[in-house]
Amino acid sequence: MIENGTFKPVIVGFLCNWCSYRAADLAGTSRMGYPSTLRDIRIMCTGRLDPTFVLRALQKGADGVLIMGCHPGQCHYQAGNYKAIRRFALLKRTLRQLGLEEERVQLHWASAAEGVQFAETVARMTEQIKALGPLDWSHNWPNEDPYAVEEATE
Ligand code: FES
């Protein structure tokens, strides 16, 4: 997004309900300053994140995607974040082959008490993506939505 002539990244954040979403809340209620670049989406666990959600966000105009969840060993559902780590590695490999820069899709951890770390992560990622410039990936996709659910015909 270009705002007042300068590039302001749009980052879609998939935040785990039990930790990083609460860290975002803490950062907000504590009035910690961080860039307003994040569009957060609450998910119940990083293990629930289907990699196609990330692709869809990039396809729909995001310049980056931030996935944040509970620290390893602290997942509310025991092993969801370990599954996320494995999926993330595969997703990164795919994105690399598509020519996407490493910094555009990131996985981080933040507990509910880590509002400062949350704010710092968003600020750091915003600067990294600003340096890369807009992704503008939506132009690489066909006009029809590949994820559209077909309507049932009778
Ligand atoms: S519940 Fe937070 S990552 Fe699984």
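Our subject in this report is the structure included herewith. Since we're looking at a predicted model, the values are computed, not measured. (Residues numbered from 1 in each chain as written. Predicted model: local features only at pLDDT ≥ 70, side-chain atom pairs only at ≥ 80, totals over all residues.)

1. Description of the overall build of the protein
Here is step 1 of the chain: Regarding its fold elements, the protein presents four helices and six strands.
Here is step 2 of the chain: Written out in order from the N terminus, the α and β elements of the protein read β-β-β-α-β-α-β-α-β-α.
Here is step 3 of the chain: Relative to its length of 154 residues, the protein is compact, with a C-alpha radius of gyration of 16 Å against a globular reference of 15 Å.
Here is step 4 of the chain: For the protein, the spread of C-alpha atoms along the principal axes amounts to about 45 × 45 × 35 Å. (Helix = DSSP H or I, 4+ residues; strand = E, 2+ residues; numbered from the N terminus. Rg over C-alpha atoms; globule rule 2.2 N^0.38 Å.)

2. Some words on the pairing of strand β6 (residues 105–109)
Residues in a regular strand point their side chains to alternate faces of the sheet.
Here is step 1 of the chain: Counting buried positions along β6 yields four of five residues, so the element is predominantly enclosed.
Here is step 2 of the chain: Where strand β5 (residues 64–69) lies against β6, five bridges are found, and the strand directions are parallel. Its bridge partner lying in β6, L66 is registered against Q106.
Here is step 3 of the chain: After leaving β5, the chain enters helix α3 (residues 80–97) and then returns to the sheet as β6, a path that is right-handed. (Buried ≥ 20, exposed ≤ 12 C-beta atoms within 10 Å, placed from the backbone. Pairing = 2+ DSSP bridges. Right-handed = clockwise from strand over helix to strand, strands pointing away.)

3. With respect to the nonpolar core
Here is step 1 of the chain: In this structure, I11, C16, V65 and I67 are the most contacted members of the largest nonpolar core, which totals 37 residues.
Here is step 2 of the chain: Of all elements in the fold, only β3 (11–16), α1 (20–29), β4 (38–43), α2 (51–59), β5, α3, β6 and α4 (115–132) reach the threshold of two or more residues within this core.
Here is step 3 of the chain: Once residues within four sequence positions are removed from consideration, I11 is found in contact with T37, L38, R39, A62, D63, G64, V65, L66, M125, T126 and I129. (Core = buried A, V, L, I, M, F, W, Y, C linked by C-beta atoms within 7 Å. Contact = placed C-beta atoms within 7 Å.)

4. Structural notes on the packing of α1 against α4
Angle between the axes and distance between the axes are the two parameters that describe a pair of packed helices.
Here is step 1 of the chain: Remark: α1 packs on α4, axes separated minimally by 8 Å, with the N-to-C direction vectors making an angle of 90 degrees. Our classification of the angle between α1 and α4 gives roughly perpendicular. Here S20, A23, A24, L26 and A27 of α1 come into contact with α4, specifically with G115, F118 and A119. (Axes fitted to C-alpha atoms, helices over the stretch in contact; angles between N-to-C directions. Parallel < 35°, antiparallel > 145°, perpendicular 65-115°, else oblique.)

5. Considering the sheet that holds β5
Here is step 1 of the chain: Spatially, four strands are ordered β4-β3-β5-β6 in an open sheet, and the strand pairing comes out parallel. With one partner strand each, in any of the chains shown, β4 and β6 form the two edges of the open sheet. Direction aside, the axes of adjacent strands within the sheet are offset by 20 degrees on average.
Here is step 2 of the chain: Relative to β3, α1 is tilted by about 115 degrees, and along the sheet it contacts β3, β4 and β5.

6. Overview of the environment of Q97
Here is step 1 of the chain: Along the polypeptide, Q97 turns up in helix α3.
Here is step 2 of the chain: Put simply, Q97 and T121 are 24 residues apart on the chain and 25 Å apart in space, counted from C-alpha to C-alpha.

Nothing here speaks to function; it is geometry throughout.
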